[in-house]
Amino acid sequence: MSEVILETKELTYRYGVGTPLEQVAVDNVNISIRRGEFLGVIGHTGSGKSTLIQQLNGLMRPTSGQVLLNGNDIWAEPKKIRAVRFQIGLVFQYPEYQLFEETVFRDICFGPRNMGLSEEEIKERALGAAEFVGLKTELLEKSPFELSGGEKRRAAIAGVVAMDPEVLILDEPAAGLDPQGRDQLLDQIRSYHQQRGNTVLLVSHSMEDIARVADRALVMNRGKAAMLDTVQQVFSRRSELENMGLRVPQITKIMSLLRAKGYPVNEGALTVDEALRDLLPLLRERGCVR
Amino acid sequence: MIRDITLGQYFPGKSLVHRMDARVKIVLTFVFIIFIFIANNLPAMLLMVGMVLSAMLLSGISVRQYLKSLKAVIIVVALTSVLNLFYGSGDILVQWGFLTIRTGGVINCIFIAVRIISLILFSSVLTFTTSPTDLTDALERIMKPLKIFHVKVHEIAMMMTIALRFVPTLLEETDKIMSAQKARGADMESGGAIQRAKALIPILIPLFVSSFRRAYELAMAMECRCYRGGEGRTKMKSLHMTTLDGWAIAVSSAACVGVALCVMLLPSLF
């Protein structure tokens, strides 16, 4: 578990270098991401999350500092940067706007085809990816523009999953979906992580989502990596998070308020289920619940 | 990268030129451009060049920005002036095979370069100091008399406003789609012309789709606000002429009269 797959060294990115609008988007970030972990990335809008993840897969070249994949600088040979993008798959926010092919199936094949795989392998991977994201087979021969919003989203995610990247980065994959679609998609991402054992980075504004699926969390604040720790540890620092314009999951806040009032509950509860385990005996004791 | 492209860039400011009425600016620019081509001797041309330089100075925008706008047309200027070098009468200066350069040609060459450069600079002063909305507003007002010929003036102005408004949006969108396809291994840098053209398909199709989507959304939003064309429509910011515009018109007219006098009284160089 502790082997490092992706690492940044003094990573800095400035926009508009040499103009009066120069701005530091990512400021001296040093993080290491472990092989096979599920890392949540949280941060206020404009905290540098998007710039950071685009540097991790080589879409943006750092102003200074390094990104190391398996210990090697990804920009050591700029001509081979495409190969890095196959190993670190990035799903952008609202990825459905990148669909372009005649059929969903062909669109999912776009990534694997760019990798130069054999037709058989391409097909196998595309079908596998479609299954992972829960796309029904009869949808695969349809035009991507005929699908519903949620199905389009799944198709676009499948397009990246089909490249079988060692690290999968998802930027707000559930944004704009209905609550049910949101839960389903997160469950699928979690089972993808469990079955393939690949590293997954999930950028989200929803603390509940991060608490539910991630092992560790990275908190970005004003371009700096403010915290990188287990989800429990990160969410136990409520006041610090609130100072950054973030919050802890609602249930965690309720539990910590209850504890402050003197109730014997566990402060570290991150999900409603965990909280119930604490609360039910308490309520029974008082005779509120049978 | 792609965001560096600028079209008719506007630099907000509070200079004398900025504060002028957009209609006056458009008309004066138009008149000046005509007079640049009327000016056919040295004093007249110097007067026009003086007008360009003072307009640039009064706009309070750095010379570097003006030079940038010239960079795009430098090839056109060079090409036309070199071609003009070989036309014209007068004494032979250089004879090289079938090419002869005469004194008239040299004058032609210099004049055409000065004319094109002043033309670009005048229009740059206009676009640098006038916001796109003001510009289209003023154009709509100026073209209003064309209505008697059933020209849809308001619709044309509205289309221009919308087009200008969406240029940066579409550039940003293109950037996003390009990044997304690159993340899936799209290769846009290598290969021959055909391969590169093919590589554009994954970018153009999503771009078209989203443009149509945006068009529908915009149409819907406009309908929701009861937009129904220009009939009886009032402006939130109406254009006003001030004494400043009066002065600008007076000075410019004086300059134009000067040019006209020079042209009529002094011998032409051609």
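Right above here is the structure, for reference.
Quantities reported herein were computed from a predicted structural model and do not represent experimental measurements.

This next bit is on the overall build of chain B. Along chain B, the regular secondary structure elements total 11 helices and 2 strands. Reading chain B from its N end, one meets helices and strands in the order α-α-α-α-α-β-β-α-α-α-α-α-α. The C-alpha atoms of chain B give 24 Å as radius of gyration, which overshoots the globular expectation for 270 residues (18 Å, by more than 25%). For chain B, the residues scored as buried account for 20% of the 270 residues in total. Restricting to contacts in chain B with at least 6 residues of sequence separation, those with at least 24 account for 76%.

Here the focus is unusual backbone geometry. The phi dihedral of D164 of chain A is positive, around 50°, even though this residue is not glycine. Following the sequence through the fold, D164 of chain A ends up in the loop between α5 (149-161) and β8 (167-171). One non-glycine residue, H150 of chain B, lies in the positive phi region at around 60°. If you trace the backbone, H150 of chain B turns up in the loop between α7 (132-143) and α8 (153-183). Under the C-beta neighbour-count criterion, H150 of chain B is labelled exposed, with 7 such atoms within 10 Å.

What follows concerns the packing of helix α2 (residues 22-38) of chain B against α7 of chain B. Residue and element names in this part refer to chain B. Where α2 meets α7, the axes come as close as 8 Å, and the angle between the chain directions of the two elements is 75°. It follows that α2 is roughly perpendicular to α7 by the angle criterion. The segment α2 lies against α7, with A22, R23 and I26 engaging D134, L135, D137, A138, L139, R141 and I142. Looking at side-chain class alone, the contact of α2 with α7 contains 6 nonpolar, no polar and 4 charged residues.

Right, let's talk about the interface of chain A and chain B for a bit. Counting from both sides, the interface comprises 20 residues of chain A and, opposite them, 16 residues of chain B. Elements supplying a minimum of two residues to the side of chain A that touches chain B: α2 (81-87), α3 (104-114) and α5 of chain A. Here the side of chain A that touches chain B is built from residues that sort into 12 nonpolar, 6 polar and 2 charged.

Further remarks concern the packing of helix α5 (residues 74-84) of chain B against helix α6 (residues 103-129) of chain B. When two helices pack together, their arrangement is given by the angle between the helix axes and the distance between those axes. Residues and elements named next belong to chain B. Packing of α5 against α6 brings their axes to within 7 Å, and their N-to-C directions diverge by 160°. Of the possible angle classes, the one that applies to α5 and α6 is roughly antiparallel. When you trace α5 past α6, the crossing you get is right-handed. Of α6, the residues touching α5 (which contributes V76, V77, T80, S81 and N84) are G105, N108, C109, I112, A113, I116 and I117. Along the lines of polarity and charge, the residues of the contact of α5 with α6 split into 7 nonpolar, 5 polar and no charged.

A word on helix α3 (residues 42-59) of chain B. Residues and elements named next belong to chain B. Over its 18 residues, α3 runs 26 Å from end to end, which matches the ideal 26 Å to within 8%, given 1.5 Å per residue. Where α3 is buried, its residues contact α1 (16-19), α2, α4 (63-71), α6 and α11 (243-265). Looking one or two residues past α3, G60 carries a phi angle of roughly 70°, positive in sign.

I108, A158, I169 and L201 of chain A are the most contacted members of the largest nonpolar core, which totals 83 residues. Counting residues per element, this core draws most heavily on α5 of chain A, at 6 residues. Within the second largest apolar cluster, 23 residues are counted, among which are V17, L28, I36 and M48 of chain B.

A few words now on the sheet that holds strand β10 (residues 216-221) of chain A. Residue and element names in this part refer to chain A. Strand order in the open sheet formed by 6 strands is β7-β8-β9-β4-β10-β11, with mixed pairing between adjacent strands. Each edge of the open sheet is held by one strand with a lone partner, namely β7 (88-91) and β11 (224-230). Neighbour to neighbour, the strand axes of the sheet diverge by 15° on average, direction disregarded. In this structure, β10 lies alongside β11, joined through 6 bridges in antiparallel fashion. By the bridge assignment for β11, M220 is matched with A225. Strands in contact with helix α1 (residues 49-56) are β4 (38-43), β7, β8, β9 (199-203) and β10; relative to β8, the strand with the most contacts, it is inclined by about 155°.

Reading guide: rules and limits
- Residues numbered from 1 in each chain as written.
- Chains lettered and ligands numbered in written order.
- Predicted model: local features only at pLDDT ≥ 70, side-chain atom pairs only at ≥ 80, totals over all residues.
- Helix = DSSP H or I, 4+ residues; strand = E, 2+ residues; numbered from the N terminus.
- Rg over C-alpha atoms; globule rule 2.2 N^0.38 Å.
- Buried ≥ 20, exposed ≤ 12 C-beta atoms within 10 Å, placed from the backbone.
- Contact = placed C-beta atoms within 7 Å.
- Axes fitted to C-alpha atoms, helices over the stretch in contact; angles between N-to-C directions.
- Parallel < 35°, antiparallel > 145°, perpendicular 65-115°, else oblique.
- Nonpolar A, V, L, I, M, F, W, Y, C, P; charged D, E, K, R; others polar.
- Left-handed = near helix turned anticlockwise from the far one by under 90°.
- Expected span 1.5 Å × (residues − 1).
- Core = buried A, V, L, I, M, F, W, Y, C linked by C-beta atoms within 7 Å.
- Pairing = 2+ DSSP bridges.

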